[in-house]
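# Observations on chain architecture
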Number of protein chains: 4
Amino acid sequence: MLKLLREQVLEANLDLAKGGLVLYTFGNVSGIERSQGLVAIKPSGVPYDKMKVADIVVTDLEGKKVFGDLQPSSDLATHLVLYKSFLNIGGVVHSHSEYATIWAQAARAIPALGTTHADYFHGPVPVTRALTDAEIHGDYVLNTGAIIVEAIGSKDPMAMPATLVAGHGPFCWGRDAGDAVHNAVVLEFVARMAVHTMALRPDGAGISQALLDRHYFRKHGAKATYGQAQSGKAQ
Amino acid sequence: MLKLLREQVLEANLDLAKGGLVLYTFGNVSGIERSQGLVAIKPSGVPYDKMKVADIVVTDLEGKKVFGDLQPSSDLATHLVLYKSFLNIGGVVHSHSEYATIWAQAARAIPALGTTHADYFHGPVPVTRALTDAEIHGDYVLNTGAIIVEAIGSKDPMAMPATLVAGHGPFCWGRDAGDAVHNAVVLEFVARMAVHTMALRPDGAGISQALLDRHYFRKHGAKATYGQAQSGKAQ
Amino acid sequence: MLKLLREQVLEANLDLAKGGLVLYTFGNVSGIERSQGLVAIKPSGVPYDKMKVADIVVTDLEGKKVFGDLQPSSDLATHLVLYKSFLNIGGVVHSHSEYATIWAQAARAIPALGTTHADYFHGPVPVTRALTDAEIHGDYVLNTGAIIVEAIGSKDPMAMPATLVAGHGPFCWGRDAGDAVHNAVVLEFVARMAVHTMALRPDGAGISQALLDRHYFRKHGAKATYGQAQSGKAQ
Amino acid sequence: MLKLLREQVLEANLDLAKGGLVLYTFGNVSGIERSQGLVAIKPSGVPYDKMKVADIVVTDLEGKKVFGDLQPSSDLATHLVLYKSFLNIGGVVHSHSEYATIWAQAARAIPALGTTHADYFHGPVPVTRALTDAEIHGDYVLNTGAIIVEAIGSKDPMAMPATLVAGHGPFCWGRDAGDAVHNAVVLEFVARMAVHTMALRPDGAGISQALLDRHYFRKHGAKATYGQAQSGKAQ
């Protein structure tokens, strides 16, 4: 069932590990088949170097398992909230990648300090508010999704494909599972540069709106000029 | 004698090196066979890439060698104090891993700044007081164990499987030698993120008790939901 | 056409990746054949591990393509300004290498803090002013070249083979494409040391002019004494 | 001539590169044959991955070449001053290793912040004064040696096997070329931890004299207890 999607999700999970974003079994990637409303996701607690296509679990948008012998990632409910709220995304990643997590732990948004950031994120990468005790004691994983949706607000999720969950770590998304991982890898790079930029320039003044727009729209949208004609975005 | 335990201890020592936690011959891992009161430990000053099962030394809980031609790790007496004081642990690791050692050198506990920390350590990772000159001139290695026990105090050692020895470095423990190394690798990751989080948020305010509990008990204890059914904790 | 130059430019691009200065398709290297006024440059958005000699694009100094099926790097116009303004250079590199980009994002010149710096850069590595909104809305890529030329001013470009574009990242150059990459790799190393030196010595006081001169002229110019007789500069 | 010494010096140079302490051709290692007063040293500007035993140059203590076709390292005169002043050393290393160079650029001694430091360096690692303009314009390389000797003063060079040259980088030494490289690798590790320890504890208060002595003499001297019986110091 959905073998192609499961293969893509497996490969995206392995790319997350290859990109240096995971320690042990940390992190998880999913992808969605919108026409059927089905999501393929990493199983919980399985080492990346032993993961097989058959281990990828498939559930519906309510989290009911429709394929697979293993338990899905314990973060499944967060992924599902994002798919239901952000209708133009096709893949979701959660990781504890080092520097994005550092910004999340500091409960600070990542300012748009340069064009590397602007090439991918059209403004500061937002951070959620802290969950209340009631939200933590209640449906914690689902509520984590809800505060991400709250942090994105009226922004286009594809123009801001990441949010930091305060005290926890980043969630990223994209056109599909592979694109979501690509965004997660770039977020980590941007987060790392931002930590040290702040040390040299504590005011954290970012680039101008004009420069932010110039770079973002160079890589995205109808007028993109980066890359070769067949693709609107470089891989 | 105790070949299986020595094999586990050798493998755990090699995992410590593979995890990037050692330079040259720094660090040492041991494991205990509780029923016989025997401890297997790395020999002193032997390079990791030349270490063999036959090199692993076995002693009793008083430090008397019962197997092996080599001298045991010079930190043996600290390991023995921990085994005698923390009756539910099965393995001990000492390393000079970079960032955990940085916190130890700064003589500061590592605050619980995020859920990565909470998944493994149920509160701030404590730091010992400094040893007095008398304790240093006396039975230094044994006294190092004593101040670790003092720092853990009434906490459950399995819910706080690490302590930083001030001016020295971390000691970690776990169910067995491999689990102790797993905890040491995660401690290093948590310590590294904490150093840079403090730069962005100097007050070092940690996560709420509710979030700390939610994550810790998601991975540990009778109600753990992380991983597949057969294991209470992910490897 | 210009097969040798294209081979050199390909190899220099691959060296940029091997030197740890690129993520995904970030960065680009070019080289010039002065006698014909032709420039060979990396294609836009092609992964480094799939790049072939045939993919390297050749253009004239006005940016008109004279060889190749692919689109040239979207930064081509900046390279061309540099070749037209700095007549003694033979290769140009643009990267988003981590620490040089950090200084660019902080909009600060890199002070000459040590002899490693002095061996390659005869003074602080300059940073450009920010582009105005009009310059960004206009011919942005060409204007980026113009502010680099403005930042170098009356300095000999071969004695200061790098400039940081504020809010963006470094451009470097050299005798040829390979030498430009060599300078980019050293700039990254120097930038990384400078970030942490500033943490220990916030005044950023650099070395004396005498020491700067001694090291720079030990490796460059008619009286260079470093390396073996056949080369004026070590590779 | 002195083939064994040249082999040891070649291997030590390669270990310097393997230890992550060099970029391109930076750095150099030498060793001395005391009975003949001859020094074997890396040639200037030769890439590490192409260096052969035949490339290692041999000179007398006045710097006169007695073996080899290549030019010796441009830092030869510094090495010779150290051999003539520190009669109990057998090998010398100069590198621009990242974090030791950072301390040198900040012109600060590295305080003894922990037992990792104390295991190798019996007190803070000293930094030289800056060279005067006259010393730079004069016999610069020899004068670099002289200020190192000045910084060591009455200390036993084998109990303090490193000095940072202000604005430049570290020189280290040891029993032989390999031991000098071992000390250089540990110095880099200690320097790296010290940079970040200072961020957490800006007063830079080090460990007590009692703890410094305990660790230093655990690994060195007649009463050393670390390692196996056949060696007074672990490799």
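Preceding block: the structure.
Residues numbered from 1 in each chain as written. Chains lettered and ligands numbered in written order. Predicted model: local features only at pLDDT ≥ 70, side-chain atom pairs only at ≥ 80, totals over all residues. Heavy atoms only, no water.

Here we take up the sheet that holds strand β2 (residues 38-41) of chain C. Hydrogen bonds between backbone groups are what pair the strands of a sheet, and the pairing can be parallel or antiparallel. Residue and element names in this part refer to chain C. Strands sit in the order β4-β3-β2-β1-β5-β7-β6 across an open sheet of 7 strands; the sheet is antiparallel. Edge positions in the open sheet fall to β4 (65-67) and β6 (162-165), since each of these has one partner strand only. Within this sheet the neighbouring strands show an average axis-to-axis angle of 25 degrees, counted without direction. Sheet topology note: the β2/strand β3 (residues 57-60) ladder contains 4 bridges and is antiparallel. By the bridge assignment for β3, Ala40 is matched with Val58. (Pairing = 2+ DSSP bridges. Helix = DSSP H or I, 4+ residues; strand = E, 2+ residues; numbered from the N terminus. Axes fitted to C-alpha atoms, helices over the stretch in contact; angles between N-to-C directions.)

So, on to the interface of chain A and chain B. Listed as interface residues are 33 residues of chain A and, on the opposing side, 30 residues of chain B. Approximately 2800 Å² of surface area, both sides summed, lies buried where chain A meets chain B, with 56% of it carried by carbon and sulfur atoms. For the pair chain A and chain B, the number of links is 2 salt bridges. Among the salt bridges present, the one from Glu98 of chain A reaches Arg192 of chain B, with a minimum N-O distance of 2.9 Å. (Contact = heavy atoms within 4.5 Å. Buried area = accessible area lost by both parts, 1.4 Å probe. Salt bridge = Lys/Arg side-chain N within 4 Å of Asp/Glu carboxyl O.)

A few words on the sheet that holds strand β1 (residues 28-33) of chain A. All names here are of chain A. Taken in spatial order, the 7 strands of this open sheet run β4-β3-β2-β1-β5-β7-β6, and their pairing is antiparallel. The sheet is open, and its two edges are formed by β4 (65-67) and β6 (162-165), each paired on a single side. Neighbour-to-neighbour, the strand axes of the sheet open up by a mean angle of 25 degrees, direction not taken into account. Pairing geometry for β1 and strand β5 (residues 91-94), over 4 bridges, is antiparallel. Note that in β5 the partner of Gly31 across the bridge is Gly91. Set on the sheet, helix α1 (residues 3-18) makes contact with β1, β2 (38-41), β3 (57-60), β4 and β5; between it and β1 the angle comes to about 155 degrees. Taken strand by strand, helix α6 (residues 140-152) contacts β6 and β7 (169-174), and its axis lies near 125 degrees from that of β6.

Overlaying chain D with chain B gives an RMSD of 0.0 Å, the required rotation being 90 degrees about an axis along which the chain moves by 0.0 Å. Such values leave the two copies arranged in the relation of a four-fold axis. Minimal C-alpha separation from the rotation axis in chain D is found for Ala199 of chain D, amounting to 5.7 Å. Take the interface residues of chain D: only 3% of them recur as interface residues in chain B, which is what a contact between different surfaces looks like. (Least-squares fit on C-alpha atoms with pLDDT ≥ 70 in both.)

A few words on the packing of α1 of chain A against helix α7 (residues 177-200) of chain A. Residues and elements named next belong to chain A. Taken N-terminus to C-terminus, the directions of α1 and α7 make an angle of 15 degrees; their axes are 8 Å apart at the nearest point. Compared by their axis directions, α1 and α7 come out roughly parallel. In terms of crossing hand, the pair formed by α1 and α7 is right-handed. Residues Gln8, Val9, Ala12, Asp15 and Leu16 of α1 touch α7, and the partners they reach there are Ala177, Gly178 and Val181. Partitioned by chemical class, the residues of the contact of α1 with α7 number 5 nonpolar, 2 polar and 1 charged. (Parallel < 35°, antiparallel > 145°, perpendicular 65-115°, else oblique. Left-handed = near helix turned anticlockwise from the far one by under 90°. Nonpolar A, V, L, I, M, F, W, Y, C, P; charged D, E, K, R; others polar.)

Our focus in this paragraph is the side chain of Thr115 of chain C. Turning to its location among the elements, Thr115 of chain C is positioned in helix α4 (residues 115-118). The class for Thr115 of chain C is buried, based on a relative accessible area of 0%. Excluding residues within four positions of it along the chain, Thr115 of chain C makes contact with Ile207, Leu211 and His215 of chain C together with His96, Tyr140, Gly167 and His168 of chain D. (Buried < 20%, exposed > 50% of the residue type's maximum accessible area, 1.4 Å probe, protein only.)

Another aspect to go through is the pairing of strand β1 (residues 28-33) of chain B. Residues and elements named next belong to chain B. With respect to burial, β1 is a largely interior element, 5 of its 6 residues being buried. As defined by bridge partners, β1 adjoins strand β2 (residues 38-41) across 4 bridges and the pair is classed as antiparallel. Following the sheet pairing, Ser30 is matched in β2 by Ile41. The antiparallel hairpin formed by β1 and β2 contains 4 residues in its connecting segment, where Gly37 sits at a positive phi of about 65 degrees.

Just geometry here; none of it tells us what the structure is for.
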